Amino acid sequence: VKNLGINSPQFDNCLIDEEISDKILNSRIDASRKYSIDSTPTIIINEEKFEGSVNFKSIEKKIKKLI
């Protein structure tokens, strides 16, 4: 945390902030519904759930097709 320029009290306050926790939880719930997430990790690329073999090479190949 110190390497990122955040002091410990700032970090601690962020961890216990219920508004931030609620936003994170709601985002996770929304994503779970939107993408039918049923396992971890789940990779989403360009709003599309990545299916199939999830390894560096297959992810790299998918990304290279998009650029």
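The rules behind these values
- Residues numbered from 1 in each chain as written.
- Predicted model: local features only at pLDDT ≥ 70, side-chain atom pairs only at ≥ 80, totals over all residues.
- Heavy atoms only, no water.
- pLDDT = per-residue confidence, 0-100.
- Helix = DSSP H or I, 4+ residues; strand = E, 2+ residues; numbered from the N terminus.
- Salt bridge = Lys/Arg side-chain N within 4 Å of Asp/Glu carboxyl O.

## Concerning the confidence of the model for the chain
Taken over all residues, the pLDDT of the chain has a mean of 87, while the share at 70 or more is 100%. Element-level mean pLDDT values for the chain span from 86 in helix α1 (residues 8-16) up to 93 in helix α2 (residues 18-35).

## Re the pattern of salt bridges
In this structure the tally under the stated criterion is 5 salt bridges. Where Glu-48 meets Lys-62, a salt bridge forms, and the shortest distance between an N and an O atom there is 3.6 Å. Here the residue Glu-48 occupies a position in strand β2 (residues 48-49), and Lys-62 occupies one in helix α3 (residues 56-66), the gap between them amounting to 14 residues. For Lys-64, the salt bridge is made with Glu-60, and the minimal N-O distance between the two is 3.7 Å. Taken together, the positions of Lys-64 and Glu-60, both in helix α3 and 4 residues apart, correspond to about one turn of that helix.

## Digging into unusual backbone geometry
With an omega dihedral of 0°, the bond running from Thr-40 to Pro-41 counts as a cis peptide bond. Checked against the element boundaries, Pro-41 lands in the loop between α2 and β1 (44-45). One non-glycine residue, Ser-36, lies in the positive phi region at around 50°. Within the fold, Ser-36 resides in the loop between α2 and β1. You will see that Glu-47, though not glycine, has its phi angle at about 65°, which is positive. Topologically, Glu-47 is positioned in the loop between β1 and β2.

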